[in-house]
Amino acid sequence: LIVEETFKNIAFIYSDADYSVMIDNLKEKRFPKDIKNILLVEDSKLMLTIFSNELKSFGYNVILADDGDKAINIFMNYDDIDLVITDLDMPKITGYELVKLIRDSKKTNCKSVLVFALTAANFDLTKKEIKDFGFTDFMLKPLDINLLNVKISKYRK
(Lines give C-alpha, C1' and ligand atoms only; values in the text may rest on other atoms or scores of the structure.)
Protein backbone atom coordinates (compact mmCIF):
# COMPACT_ATOMS: atom_id res chain seq x y z
CA LEU A 1 0.00 0.00 0.00
CA ILE A 2 2.82 2.43 0.85
CA VAL A 3 4.58 1.68 -2.44
CA GLU A 4 1.35 2.20 -4.36
CA GLU A 5 0.85 5.61 -2.69
CA THR A 6 4.43 6.57 -3.52
CA PHE A 7 3.93 5.73 -7.19
CA LYS A 8 0.65 7.65 -7.29
CA ASN A 9 2.39 10.71 -5.83
CA ILE A 10 5.22 10.45 -8.35
CA ALA A 11 2.73 10.11 -11.21
CA PHE A 12 0.78 13.12 -9.96
CA ILE A 13 3.89 15.29 -9.62
CA TYR A 14 5.09 14.49 -13.15
CA SER A 15 1.73 14.17 -14.89
CA ASP A 16 2.27 17.30 -17.00
CA ALA A 17 5.92 16.59 -17.82
CA ASP A 18 7.04 16.03 -21.39
CA TYR A 19 8.98 12.79 -20.89
CA SER A 20 10.37 12.60 -24.40
CA VAL A 21 12.03 16.01 -23.98
CA MET A 22 13.33 15.09 -20.52
CA ILE A 23 14.83 11.82 -21.72
CA ASP A 24 16.32 13.39 -24.87
CA ASN A 25 17.95 16.08 -22.72
CA LEU A 26 19.35 13.50 -20.32
CA LYS A 27 20.72 11.36 -23.15
CA GLU A 28 22.38 14.33 -24.83
CA LYS A 29 23.88 15.90 -21.75
CA ARG A 30 24.75 13.05 -19.48
CA PHE A 31 25.38 9.69 -21.01
CA PRO A 32 28.57 8.53 -22.74
CA LYS A 33 27.83 7.64 -26.33
CA ASP A 34 30.27 4.74 -26.45
CA ILE A 35 28.30 2.64 -23.95
CA LYS A 36 25.68 0.77 -25.94
CA ASN A 37 25.38 -2.77 -24.56
CA ILE A 38 25.07 -3.44 -20.86
CA LEU A 39 25.05 -6.89 -19.29
CA LEU A 40 22.97 -6.57 -16.14
CA VAL A 41 23.40 -9.40 -13.62
CA GLU A 42 21.00 -9.52 -10.67
CA ASP A 43 19.41 -12.51 -8.95
CA SER A 44 16.35 -10.57 -7.77
CA LYS A 45 13.82 -10.65 -10.60
CA LEU A 46 12.18 -7.47 -9.32
CA MET A 47 15.46 -5.52 -9.17
CA LEU A 48 16.48 -6.93 -12.55
CA THR A 49 13.26 -5.62 -14.08
CA ILE A 50 13.44 -2.20 -12.41
CA PHE A 51 17.13 -1.61 -13.24
CA SER A 52 16.69 -2.91 -16.77
CA ASN A 53 13.71 -0.67 -17.50
CA GLU A 54 15.58 2.34 -16.18
CA LEU A 55 18.63 1.65 -18.36
CA LYS A 56 16.48 0.91 -21.43
CA SER A 57 14.65 4.22 -20.99
CA PHE A 58 17.97 5.93 -21.74
CA GLY A 59 18.53 3.98 -24.93
CA TYR A 60 20.86 1.28 -23.71
CA ASN A 61 20.61 -2.26 -25.03
CA VAL A 62 20.36 -4.30 -21.83
CA ILE A 63 21.13 -8.00 -21.78
CA LEU A 64 19.80 -9.72 -18.66
CA ALA A 65 21.16 -12.54 -16.55
CA ASP A 66 19.67 -13.64 -13.23
CA ASP A 67 22.80 -15.45 -12.08
CA GLY A 68 26.54 -15.43 -12.68
CA ASP A 69 26.52 -18.70 -14.60
CA LYS A 70 24.17 -17.30 -17.23
CA ALA A 71 26.11 -14.02 -17.24
CA ILE A 72 29.47 -15.59 -18.11
CA ASN A 73 27.84 -17.59 -20.92
CA ILE A 74 26.29 -14.42 -22.32
CA PHE A 75 29.56 -12.50 -21.99
CA MET A 76 31.51 -15.21 -23.82
CA ASN A 77 28.97 -15.37 -26.67
CA TYR A 78 28.16 -11.69 -27.12
CA ASP A 79 30.71 -9.60 -29.01
CA ASP A 80 29.98 -6.06 -27.90
CA ILE A 81 29.42 -5.88 -24.13
CA ASP A 82 30.59 -2.41 -23.06
CA LEU A 83 29.60 -2.57 -19.41
CA VAL A 84 28.77 -5.31 -16.91
CA ILE A 85 26.81 -4.32 -13.82
CA THR A 86 26.68 -7.21 -11.39
CA ASP A 87 25.25 -7.97 -8.02
CA LEU A 88 27.84 -9.51 -5.69
CA ASP A 89 25.89 -12.05 -3.65
CA MET A 90 24.27 -14.50 -6.05
CA PRO A 91 23.75 -18.25 -6.18
CA LYS A 92 25.98 -20.43 -8.38
CA ILE A 93 28.61 -17.84 -9.42
CA THR A 94 29.00 -14.72 -7.29
CA GLY A 95 29.85 -11.29 -8.67
CA TYR A 96 33.41 -11.77 -7.39
CA GLU A 97 33.75 -15.03 -9.31
CA LEU A 98 32.10 -13.53 -12.38
CA VAL A 99 34.53 -10.62 -12.66
CA LYS A 100 37.47 -13.03 -12.33
CA LEU A 101 36.06 -15.22 -15.12
CA ILE A 102 35.57 -12.15 -17.31
CA ARG A 103 39.09 -10.83 -16.69
CA ASP A 104 40.66 -14.28 -17.18
CA SER A 105 38.77 -14.99 -20.42
CA LYS A 106 40.49 -15.02 -23.79
CA LYS A 107 38.11 -12.50 -25.35
CA THR A 108 39.85 -9.48 -26.82
CA ASN A 109 37.88 -6.95 -24.75
CA CYS A 110 37.97 -8.84 -21.44
CA LYS A 111 40.51 -6.46 -19.89
CA SER A 112 38.92 -3.22 -21.11
CA VAL A 113 35.23 -3.92 -20.45
CA LEU A 114 33.89 -1.92 -17.52
CA VAL A 115 32.65 -4.12 -14.67
CA PHE A 116 30.76 -2.43 -11.84
CA ALA A 117 29.77 -4.20 -8.65
CA LEU A 118 26.30 -3.36 -7.40
CA THR A 119 25.36 -4.27 -3.84
CA ALA A 120 22.71 -3.55 -1.26
CA ALA A 121 25.13 -4.17 1.60
CA ASN A 122 27.32 -1.48 3.06
CA PHE A 123 30.46 -1.73 1.06
CA ASP A 124 33.39 -2.44 3.38
CA LEU A 125 35.94 -3.01 0.63
CA THR A 126 38.51 -0.37 -0.22
CA LYS A 127 39.09 0.95 -3.73
CA LYS A 128 42.32 -1.06 -3.85
CA GLU A 129 40.48 -4.27 -2.92
CA ILE A 130 37.85 -3.55 -5.59
CA LYS A 131 40.60 -3.19 -8.20
CA ASP A 132 42.34 -6.33 -6.90
CA PHE A 133 39.14 -8.32 -7.45
CA GLY A 134 39.04 -6.99 -11.05
CA PHE A 135 36.10 -4.60 -10.78
CA THR A 136 36.32 -1.20 -12.40
CA ASP A 137 34.22 0.40 -9.67
CA PHE A 138 31.21 -0.22 -7.41
CA MET A 139 27.84 1.27 -6.53
CA LEU A 140 25.26 0.76 -3.82
CA LYS A 141 21.69 -0.25 -4.67
CA PRO A 142 19.37 1.05 -5.88
CA LEU A 143 20.92 1.80 -9.25
CA ASP A 144 21.48 5.55 -9.56
CA ILE A 145 21.67 6.51 -13.25
CA ASN A 146 23.36 9.85 -12.56
CA LEU A 147 26.04 8.21 -10.41
CA LEU A 148 26.45 5.52 -13.04
CA ASN A 149 27.09 8.22 -15.63
CA VAL A 150 29.68 9.92 -13.44
CA LYS A 151 31.47 6.62 -12.91
CA ILE A 152 31.36 5.66 -16.60
CA SER A 153 32.67 9.09 -17.60
CA LYS A 154 35.56 8.70 -15.18
CA TYR A 155 36.80 5.67 -17.12
CA ARG A 156 35.80 6.83 -20.64
CA LYS A 157 37.83 9.99 -21.13
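What counts, and at which threshold
- Residues numbered from 1 in each chain as written.
- Predicted model: local features only at pLDDT ≥ 70, side-chain atom pairs only at ≥ 80, totals over all residues.
- Heavy atoms only, no water.
- Helix = DSSP H or I, 4+ residues; strand = E, 2+ residues; numbered from the N terminus.
- Buried < 20%, exposed > 50% of the residue type's maximum accessible area, 1.4 Å probe, protein only.
- Contact = heavy atoms within 4.5 Å.
- Areas by Shrake-Rupley, 256 points an atom, 1.4 Å probe, with all protein chains shown as cover.
- Pairing = 2+ DSSP bridges.
- Axes fitted to C-alpha atoms, helices over the stretch in contact; angles between N-to-C directions.
- Phe/Tyr/Trp six-rings, centres within 6.5 Å; stacked < 30°, edge-to-face > 60°.
- Arc of directions from axis to C-beta.
- Core = buried A, V, L, I, M, F, W, Y, C linked by side-chain atoms within 4.5 Å.
- Polar contact = N/O pair within 3.5 Å; in protein donor to acceptor, adjacent residues only side chain to side chain.
- Salt bridge = Lys/Arg side-chain N within 4 Å of Asp/Glu carboxyl O.

## Let's talk about the overall build of the protein chain
- Check the secondary structure of the protein chain and you find seven helices and five strands.
- Counting every position in the protein chain, which comprises 157 residues, the buried fraction comes to 41%.
- Put simply, 62% of the contacts in the protein chain that link residues at least 6 apart link residues at least 24 apart.
- As displayed, the protein chain has an accessible area near 9,300 Å², and 58% of this comes from carbon and sulfur atoms.

## Looking at unusual backbone geometry
- The omega angle of the peptide bond from Lys141 to Pro142 is 0°, so this bond is cis rather than trans.
- By secondary structure assignment, the location of Pro142 is in the loop between strand 5 (137-140) and helix 7 (145-155).
- Despite not being glycine, Lys92 shows a phi value in the positive range, around 70°.
- With respect to the helices and strands, Lys92 occurs in the loop between strand 3 (83-87) and helix 5 (95-104).

## Let's talk about the sheet that holds strand 2 (residues 61-65)
- Strand order across the open sheet formed by five strands is 2-1-3-4-5, with parallel pairing between neighbours. Of all strands in the sheet, those with a lone pairing partner are strand 2 and strand 5, marking the two edges. On average, each strand axis in the sheet is inclined to that of its neighbour by 20°, with strand direction left out of account.
- Most of the contacts of helix 3 (residues 45-56) go to strand 2, to which it runs at about 165°, and overall it touches strand 1 (37-41), strand 2, strand 3 and strand 4 (114-119).

## A few points about the packing of aromatic side chains
- Evaluated as defined, the whole model comprises three aromatic pairs.
- Aromatic pair Tyr96 and Phe133: ring centres 4.7 Å apart, planes at 50°, arrangement tilted. One end of the pair, Tyr96, is in helix 5; the other, Phe133, is in helix 6 (residues 127-133), with 37 residues separating them in the sequence.
- Overall, the relative accessible area of 27% leaves Tyr96 in the partly exposed class.
- Chaining the aromatic ring pairs together yields one cluster made of Tyr96, Phe133 and Phe135.

## A look at helix 5
- Listed as buried for helix 5 are Gly95, Leu98, Val99, Ile102 and Arg103. With its buried residues spanning 130° around the axis, helix 5 presents them on a single face.
- Buried-residue contacts for helix 5 involve strand 1, helix 4 (68-77), strand 3, strand 4 and helix 6.

## Examining the nonpolar core
- The biggest cluster of nonpolar side chains holds 21 residues, and the ones touching the most others in it are Leu39, Val41, Phe75, Val84 and Ile102.
- For this core, the elements supplying multiple residues, two or more each, are strand 1, strand 2, helix 4, helix 5 and strand 4.

## Re the pairing of strand 4
- For strand 4, a buried count of six out of six residues is recorded, marking the element as mostly surrounded by other parts of the structure.
- Across the two faces of strand 4 the burial is the same, with Leu114, Phe116 and Leu118 and Val115, Ala117 and Thr119 all buried.
- Alignment of strand 3 against strand 4, held across five bridges, turns out to be parallel. Directly across from Thr86, in strand 4, lies its bridge partner Ala117.

## What to know about helix 7
- The complete set of buried residues in helix 7 reads Ile145, Leu148, Asn149, Lys151 and Ile152.
- The backbone nitrogen of Asn146 has a side-chain oxygen 3.0 Å away, supplied by the residue at the start of helix 7, namely Asp144.

## Points about the pattern of salt bridges
- All told, the structure shown has nine salt bridges when counted by the stated rule.
- Asp66 serves as the salt-bridge partner of Lys70, at 2.8 Å between the closest nitrogen and oxygen.
- Among the residues examined, Lys70 registers a relative accessible area of 40% and is labelled partly exposed.
- Asp67 is the salt-bridge partner of Lys92, the closest N and O atoms lying 3.6 Å from each other. Remark: Asp67 occurs in the loop between strand 2 and helix 4 and Lys92 occurs in the loop between strand 3 and helix 5; sequence separation between them is 25 residues.

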